[in-house]
Amino acid sequence: MTSFRYPVANPQIGKNESTYVNECLDTHWISSSGKYIGAFEEGFSNTFGPGVSVAVNSGTIAIDLALEAVGISPGDEVMVPNFTFAGSVSPIYRLQAIPVLIPPCEDTWNIDVELLKKYLTPKTKAIIAVHLYGHPCDIKAIVKFAKEHNLAVIEDAAESLGAKVDGRYVGTFGDVGCFSFFGNKVLTTGEGGMCLCKNQQLADNIRLYRDHGMTSDQRYWHKVIGYNGRMTNMQAAVGLGQLERIESLIERRMEIHALYNNVFSKTEFFKKITIPENTQIVNWLESPVLKDSCGLDRNKLIQDLVEDSIETRPFFYPISQMPAYSRFGLNDANSDYFSSHGINLPTYTQLSDSDVNTIAESVCKRIEKQFNKGSKETKALELPKNIAPSYTPVVSIILPTFNEADNICSIISTLREEMVSISKDYEIIIIDEQSIDNTVGLIRENFKHDANVHFHIQEKRCGLAKAIHEGILKAKGEYILIMDTDYNHDPHMAGKIVKFTEHFDIVSGSRFTTGGSMEKTSVWFCSLIYNLMLRMLLGLKTQDNLAGYFCIKKEKIQLLNSDFIFYGHGDYFFRLLYLAHKKNFSILEVPISYKTNLSTNTSKSFLWTLLCYTKRALKLKFLSTD
Ligand SMILES: Cc1ncc(COP(=O)(O)O)c(C=O)c1O
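The structure displayed is predicted, hence computed values, not measured ones. (Residues numbered from 1 in each chain as written. Predicted model: local features only at pLDDT ≥ 70, side-chain atom pairs only at ≥ 80, totals over all residues.)

**Here we look at the overall build of the protein chain**
Then, in step 1: Counting secondary structure elements, the protein chain contains 20 helices and 19 strands.
Then, in step 2: Counting across all 626 residues of the protein chain, residues that qualify as buried make up 50%.
Then, in step 3: For the protein chain, long-range pairs separated by at least 24 residues make up 75% of all intrachain contacts whose partners lie at least 6 apart in sequence. (Helix = DSSP H or I, 4+ residues; strand = E, 2+ residues; numbered from the N terminus. Buried ≥ 20, exposed ≤ 12 C-beta atoms within 10 Å, placed from the backbone. Contact = placed C-beta atoms within 7 Å.)

**Overview of the pairing of strand β15 (residues 453-457)**
Then, in step 1: The pairing of strand β14 (residues 426-432) with β15 spans five bridges and is classified as parallel. What sits directly across from I428, in β15, is V453.
Then, in step 2: Handedness of the β-α-β unit built from β14, helix α14 (residues 439-447) and β15 comes out right-handed. (Pairing = 2+ DSSP bridges. Right-handed = clockwise from strand over helix to strand, strands pointing away.)

**Looking at the nonpolar core**
Then, in step 1: In this structure, A66, I154 and C195 are the most contacted members of the largest nonpolar core, which totals 110 residues.
Then, in step 2: Here this core gets seven residues from one element, more than from any other, and that element is helix α3 (residues 59-69).
Then, in step 3: The residues that make up this core include at least three from each of domain 1 (15-246) and domain 2 (248-377).
Then, in step 4: Once residues lying within four places of it in the same chain are set aside, the contact partners of I154 are I63, A66, L67, V70, A126, I128, G174, D175, V176 and C178. (Core = buried A, V, L, I, M, F, W, Y, C linked by C-beta atoms within 7 Å. Domains from an automatic or database assignment.)

**Here we look at the packing of helix α1 (residues 15-27) against helix α8 (residues 233-244)**
Then, in step 1: Running from N to C, α1 and α8 point in directions that differ by 155°, and their axes come no closer than 8 Å. The angle between the axes of α1 and α8 places the two elements in the roughly antiparallel class. In terms of crossing hand, the pair formed by α1 and α8 is right-handed. Between α1, through N16, E17, Y20, V21 and C24, and α8, the contact on the second element is made entirely by N233, M234, A237, V238, L240, G241, Q242 and E244.
Then, in step 2: Considered class by class, the residues forming the contact of α1 with α8 number seven nonpolar, four polar and two charged. (Axes fitted to C-alpha atoms, helices over the stretch in contact; angles between N-to-C directions. Parallel < 35°, antiparallel > 145°, perpendicular 65-115°, else oblique. Left-handed = near helix turned anticlockwise from the far one by under 90°. Nonpolar A, V, L, I, M, F, W, Y, C, P; charged D, E, K, R; others polar.)

**Some words on the site of the ligand**
Then, in step 1: In the vicinity of the ligand there are 14 residues, among which S58, G59, T60, G87 and S180 approach most closely.
Then, in step 2: Residue composition of the shell around the ligand, grouped by class: four nonpolar, eight polar and two charged. (Near = placed C-beta within 6 Å.)

**Brief notes about the environment of I428**
Then, in step 1: Within the secondary structure layout, I428 lies in strand β14.
Then, in step 2: Along the primary structure I428 and R416 are separated by twelve residues, whereas in three dimensions their C-alpha atoms are 8.5 Å apart.
Then, in step 3: With sequence-adjacent residues up to four places away left out, I428 is seen in contact with I397, L399, I412, L415, N452 and V453.

**Comments concerning the sheet that holds strand β6 (residues 164-165)**
Then, in step 1: Taken in spatial order, the three strands of this open sheet run β7-β6-β10, and their pairing is antiparallel. Bordering the open sheet on either side are β7 (168-169) and β10 (279-280), each of which pairs with just one other strand.
Then, in step 2: In this structure, β6 lies alongside β10, joined through two bridges in antiparallel fashion. Within the sheet, the bridge partner assigned to K164 lies in β10 and is Q280.

**Some points on the confidence of the model for the protein chain**
Then, in step 1: For the protein chain, per-residue confidence averages 85 on the pLDDT scale, and residues scoring 70 or more make up 84% of the total.
Then, in step 2: Throughout residues 513-518 the model reports pLDDT below 50, and contacts reaching past four residues in sequence, or to other chains, amount to 21 contacts.
Then, in step 3: For the stretch residues 595-603, pLDDT sits under 50, and the model shows 13 contacts to residues farther than four places along the chain or on other chains. (pLDDT = per-residue confidence, 0-100.)

**Points about unusual backbone geometry**
Apart from glycine, the bulk of residues carry a negative phi angle, and the bulk of peptide bonds sit in the trans form.
Then, in step 1: Here the amide bond leading from G49 into P50 is cis, since omega sits at 15°, within 30 degrees of zero.
Then, in step 2: Within the fold, P50 resides in the loop between α2 (35-48) and β1 (52-56).
Then, in step 3: Within the chain, H28 stands out as a residue other than glycine whose phi angle is a positive 70°.
Then, in step 4: Looking at the element boundaries, H28 is found in the loop between α1 and α2.
Then, in step 5: Given 9 C-beta atoms within a 10 Å radius, H28 is considered exposed.
Then, in step 6: The backbone of Y133 shows a phi angle near 50°, a positive value even though the residue is not glycine.

**Some details on the sheet that holds strand β2 (residues 77-81)**
Whenever strands of a sheet pair, they do so through backbone hydrogen bonds, lying parallel or antiparallel.
Then, in step 1: Taken in spatial order, the seven strands of this open sheet run β1-β9-β8-β5-β4-β2-β3, and their pairing is mixed. The open sheet has two edge strands with one neighbour each: β1 and β3 (98-102). Direction aside, neighbouring strands of the sheet carry axes that sit 20° apart on average.
Then, in step 2: Where strand β4 (residues 124-130) meets strand β5 (residues 152-156), five bridges bridge the pair, whose relative direction is parallel. When the bridges of β5 are listed, A129 appears paired with E155.
Then, in step 3: Relative to the sheet, α2 contacts β1 and β9 (193-197), its axis offset from that of β1 by approximately 135°.

**So, the pairing of strand β8 (residues 176-180)**
Then, in step 1: Most of β8 sits inside the fold, with five of its five residues counted as buried.
Then, in step 2: Residues V176, C178 and S180 line one face of β8 and the alternating positions G177 and F179 line the opposite face, and both faces are buried.
Then, in step 3: Judged from the five bridges that link them, β8 and β9 form a sheet pairing that is antiparallel. Bridge pairing in β9 places G177 opposite L196.

Written as structure tokens, this is what we have:
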């Protein structure tokens, strides 16, 4: 059990549940035969039907059995939401069928027909329509679409017992409705589930697979390869006790929802989730979603609420983000959003009105505190953190930023075009040193729906090299492209540089190389001297001297001593090159042209620049010990 004052869930076990279970114990009907199984199944159909009920031992196995019963075979495609609990998807893998992950709608977190249309192929055989977090999906339209294309519909109503569409319970629209009776569900049997079947034939089929594939008229004769999906008499006894007062259990959950809503609707913190007309949700778990504009850190909110002894849960991860499921890559910003902004709050019938108010107010206070803290320090802190793309990118572009408002949006747009032009999956990781010129605000405004663009806010003035190192640690791509945005290297070169890196270990680019252009002769002259010094002191045969734009294979960067990160502005690159030379990596330098529409900061005096370069060269010489 939990040590929280307010756990996220707490089953309410009534008197009849105990009486019925004790009767099972007293009469020794404790296994998967006995009167309660039939009574529970019948009661379930009468309450939540129409349909024929088959009791099983989990919500997940209900889906396994439903897929078997509708005839899914290896290689068939089954559409399933990308944003759901893994139990909706794992049964598809067990049958060696192919899950086709469907992104959710932006405003409901469920899937709809418009999205299904895009993913339909001749191999599609079924849809698993999930009613997530107590909210019915657009099930009538989905069933209509399925009929038109001869597809089976399995409703995953694990979290939505009691929710209705047009006055009819979810789970009764498709071929089979699957329910879970896990401890935190609207009705619980500890562990358990139910298949609510459209007709007797489907129910018979599910019973066959549930009971080891054994025919009911010939013991130990296994007609098909089945499962043991049976519910015990004791579980059914608890289920029956719960079923007898299910109306009041659902009603109390809805009252709790109204209480939470009463507090939350007075704030601007939460995203509005659309509930279609004629739809009645059930409050399985109170599930507010933070608005992006709040710029709050959901994970921090979860931690803060622990201090108030309030247990919560983060929303599910998108299925495509988890390594076990990621082989069908998907770029799905909506799932990423819900997953990183949603939180489940304590929801169980024993909560009093004042308990709910206390929890809701704690949530709001914690948000306000985080919000105020963020806006006092710097606007940059309002950024969403930990947004990861839902696929493994091939190229990770790292952009360290500090006050880049003038250039950053055009750089990102160009980089995106470049990656598309060379057909590479990519992510853009912005590592911001808490800019004060709204750099990050601009990025957020312009690219907030792009899951390929994500942020990390560094400590103030952490230094370019450390920022880059942070980016490297976060990068998931095989190629790591680093662009020093301060020097305004032309982002149009990104595609070429990545392409060259297919043939070299490191490819660098600078606007000061032969073939590139430059603005000030003094800077060019200083660069030349610096370059000569590097050749003499370190034996580095570089042609340029301000390269802050390079691409390196991840497998190679991992072989290098990471102490190049301790070098300051600009020097990290030469340190990196020096180490790469030592390891005999293949290196290519590419000229980068200067973009006149970008701002420049090369206005230092000749002597000052020369002094800086000399200092740099000497520092590199004396710190380069290996
Ligand atoms: C959407 C969804 N589907 C399936 C399941 C699987 O149910 P069970 O845990 O009973 O196996 C769950 C469980 O919480 C769920 O939330």
